[in-house]
Number of protein chains: 2
Amino acid sequence: MLKYQQIAIEIEKYIEEQELQQGDKLPVLEHFMAHFKVSKSTITKSLELLERKGVVYQVRGSGIFVRRHKRKGYISLLSNQGFKRELEDAQISSKPLQLEVRKPSKEAALNLNLHEDEDVYYVKRIRYINGETLCVEESYYNKAIVTYLNKEIVSESIFGYIREGLGLKIGFSDMYMQMDQLDENEAVHLGLKKGEPKLTVETVFHLTNGQPFDFSRVVYNYKQSRFFLQTNSDT
Amino acid sequence: MLKYQQIAIEIEKYIEEQELQQGDKLPVLEHFMAHFKVSKSTITKSLELLERKGVVYQVRGSGIFVRRHKRKGYISLLSNQGFKRELEDAQISSKPLQLEVRKPSKEAALNLNLHEDEDVYYVKRIRYINGETLCVEESYYNKAIVTYLNKEIVSESIFGYIREGLGLKIGFSDMYMQMDQLDENEAVHLGLKKGEPKLTVETVFHLTNGQPFDFSRVVYNYKQSRFFLQTNSDT
């Protein structure tokens, strides 16, 4: 982790510990420069990172302010897969249903840029939030990249393992959402009734070098799915 | 608009016109510097903006590549309100149901940081996509900021008017999503049946100075709601 990233985490911690609220003003740059003993350009990069992450906003000529949403119990839409840190408030657990090496479906092959005779790890699991079913997840991992998975890993954080165990750098992702009604099988997994609402989120995850390594389809329990999303003006 | 923003738009146009695909490599920085007759730092800023917008990705030591998702008919989750440009492919229209100055609900007052005796514009409208009902939208605009609205404006792009007509700078927003089943009234507006799925998206929009000016609640027709969302590694 680079210096400016570390400092960004420190500043974020400070905001949480001080229980600063949306609109509260942060100390000036010079304060942070002295406190962390770093250059102006490092602090500027830290604050730009925090702005992209939706932690602060900058008002030209007037300062840097805290961004903090007011609602409890919402899951960050961008952090619910693989970005576990922001979910620390909630208890998330996983029950693996299936784990095997197989050939990809047509759709998985297309999304992962694979030939249909190449291998993928197929993982199906149910995820729970605070003891309730949150979602059913099916994922296809390109086995040439994610070379090894086992039952213990898929019971915990697969992305944590990919990053720390395999040393891969997770980059951008493309997410597709749509709503429909639960089929029989999904309803059973989620403890709901056929025909009740579902939200399906398909995501293609890429490494920082642009290679897609994971195609996942997640069907959410509508009773547990409250998401929030912060956006910036120029994204 | 600043120079680097203009150039970012030019580069985006170039990608579209050339029909470049995900993973295609862009010309080197020097090419763009010569072509647009600008400095390296300007081009760098343009490309950083395009990276934040999910148009390109940069691989250290290897170049800049095109990011483009493969699916048609998905609405950008971040651009369906007020960010009309990206919806140009689809025909969006609005039918106003209500437009009046009133006192805010408790919830609207809380989200807009208003007292309950201050005025808001309340707007309710149905939006259509390619002739089908897309959503029912209720919005509360702080009248001290959005000082004037009329029926013609709310039939078209309210955000376009806020930006160009009122000269306000739209900044960040906080979005909350949840799913449930349609009630009778919503079902009638959307041409669906009571009990069918709905997605409710509540958004608080802020100016670049941090002031919230619009609190909206949008109930989507699940048959028309296919969203995509691009994320970057460090957001």
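Above this text sits the structure in question.
What you see is a predicted model; the values in this text were computed from it and never measured. (Residues numbered from 1 in each chain as written. Chains lettered and ligands numbered in written order. Predicted model: local features only at pLDDT ≥ 70, side-chain atom pairs only at ≥ 80, totals over all residues. Heavy atoms only, no water.)

Digging into the relation of the copies chain B and chain A
Rules: The copies are overlaid by a least-squares fit using only the C-alpha atoms of residues whose pLDDT is at least 70 in both copies.
After a rotation of 180 degrees and a shift along the axis of 0.0 Å, chain B superposes on chain A with an RMSD of 0.0 Å. A rotation of that kind, with that shift, is consistent with a two-fold axis. Nearest to the rotation axis, the C-alpha of Pro 197 of chain B is located 2.3 Å from it, this being the minimum over chain B.

Digging into the packing of aromatic side chains
Centre distance and the angle of the planes are the two values used to describe a pair of aromatic rings. Residue and element names in this part refer to chain A. Condition: Ring geometry is summarised as follows: Phe, Tyr and Trp rings, the Trp one being its six-membered ring, pair when their centres sit within 6.5 Å, and such pairs are stacked at plane angles under 30 degrees, edge-to-face over 60 and tilted between the two. Secondary structure elements follow DSSP: runs of H or I of four or more residues count as helices, runs of E of two or more count as strands, with numbering from the N terminus. For each residue, the accessible area found with a 1.4 Å probe, counting protein chains only, is set against the maximum for its type, and the residue is called buried under 20%, exposed over 50%, and partly exposed in between.
For the structure shown, the criterion picks out 20 aromatic pairs over all chains. Relative to Phe 205, the ring of Phe 159 lies with its centre 4.8 Å away and its plane at 70 degrees, an arrangement referred to as edge-to-face. One end of the pair, Phe 159, is in helix H6 (residues 158-165); the other, Phe 205, is in strand E8 (residues 197-207), and 46 residues separate them in sequence. A relative accessible area of 3% places Phe 205 in the buried class. Consider the rings of Phe 159 and Phe 213, whose centres lie 5.8 Å apart with planes at 50 degrees: the pair is tilted. Of the two residues, Phe 159 is situated in helix H6 and Phe 213 in strand E9 (residues 212-221); the sequence distance between them amounts to 54 residues.

Regarding the nonpolar core
The nonpolar side chains of a soluble globular protein tend to be buried, and buried together. For clarity, the cut-off: Residues belong to a common nonpolar core when they are buried Ala, Val, Leu, Ile, Met, Phe, Trp, Tyr or Cys residues joined through side-chain atoms within 4.5 Å. By definition, residues are in contact when any of their heavy atoms lie within 4.5 Å.
Counting 44 residues, the largest nonpolar core has Leu 77 of chain A together with Leu 77 of chain B as its most contacted members. Sequence-distant contacts of Leu 77 of chain A, defined by excluding residues within four places in its chain, comprise Met 175, Met 177, Phe 227, Phe 228 and Leu 229 of chain A together with Leu 77, Met 177 and Leu 229 of chain B.

Overview of the pattern of salt bridges
Opposite charge on two side chains lets them pair, provided their charged atoms get close. Residues and elements named next belong to chain B. Going by this rule: Salt bridge, as applied in this entry: a Lys or Arg side-chain nitrogen positioned within 4 Å of an Asp or Glu carboxyl oxygen.
All chains considered together, the criterion is met by 20 salt bridges over all chains. Among the ionic pairs, Glu 107 bridges to Arg 217, the shortest N-O distance being 2.7 Å. With a gap of 110 residues between them, Glu 107 in helix H4 (residues 106-111) and Arg 217 in strand E9 (residues 212-221) connect regions that are remote in the sequence. On the accessibility criterion, Arg 217 (23% relative accessible area) is partly exposed.

Topic: the interface of chain B and chain A
What counts, and what does not: Put simply, buried area is how much 1.4 Å-probe accessible surface two parts lose in total, over both of them, once they are put together. Two N or O atoms count as a polar contact when they lie within 3.5 Å, although within protein this holds only if one can serve as hydrogen donor and the other as acceptor, and sequence-adjacent residues are included solely when both atoms are side-chain atoms. Amino acids outside the nonpolar list (Ala, Val, Leu, Ile, Met, Phe, Trp, Tyr, Cys, Pro) and the charged list (Asp, Glu, Lys, Arg) are all regarded as polar, and Gly is one of them.
Contacts between the two partners involve 53 residues from chain B and, on the opposite side, 53 residues from chain A. Buried surface at the junction of chain B and chain A, summed over both partners, amounts to about 4,800 Å²; 54% is from carbon and sulfur atoms. Of all residues in chain B, Arg 71, Tyr 176 and Met 179 of chain B bury the most surface against chain A, accounting for 15% of the area lost on that side. For the interface between chain B and chain A, the tally reads two salt bridges. Between Asp 174 of chain A and Arg 67 of chain B there is a salt bridge, with the nearest N and O atoms lying 3.1 Å from each other. The interface formed by chain B and chain A holds 14 residue pairs in polar contact (both at pLDDT 80 or more) in total. Looking at the side of chain B that touches chain A, the elements that each hand over two or more residues are helix H3 (40-52), strand E1 (56-59), H4, strand E7 (170-181), strand E8 (197-207) and strand E10 (226-231) of chain B. Element by element, the count of residues in the side of chain B that touches chain A is highest for E7 of chain B, at twelve residues. By residue class, the composition of the side of chain B that touches chain A is 21 nonpolar, 19 polar and 13 charged.

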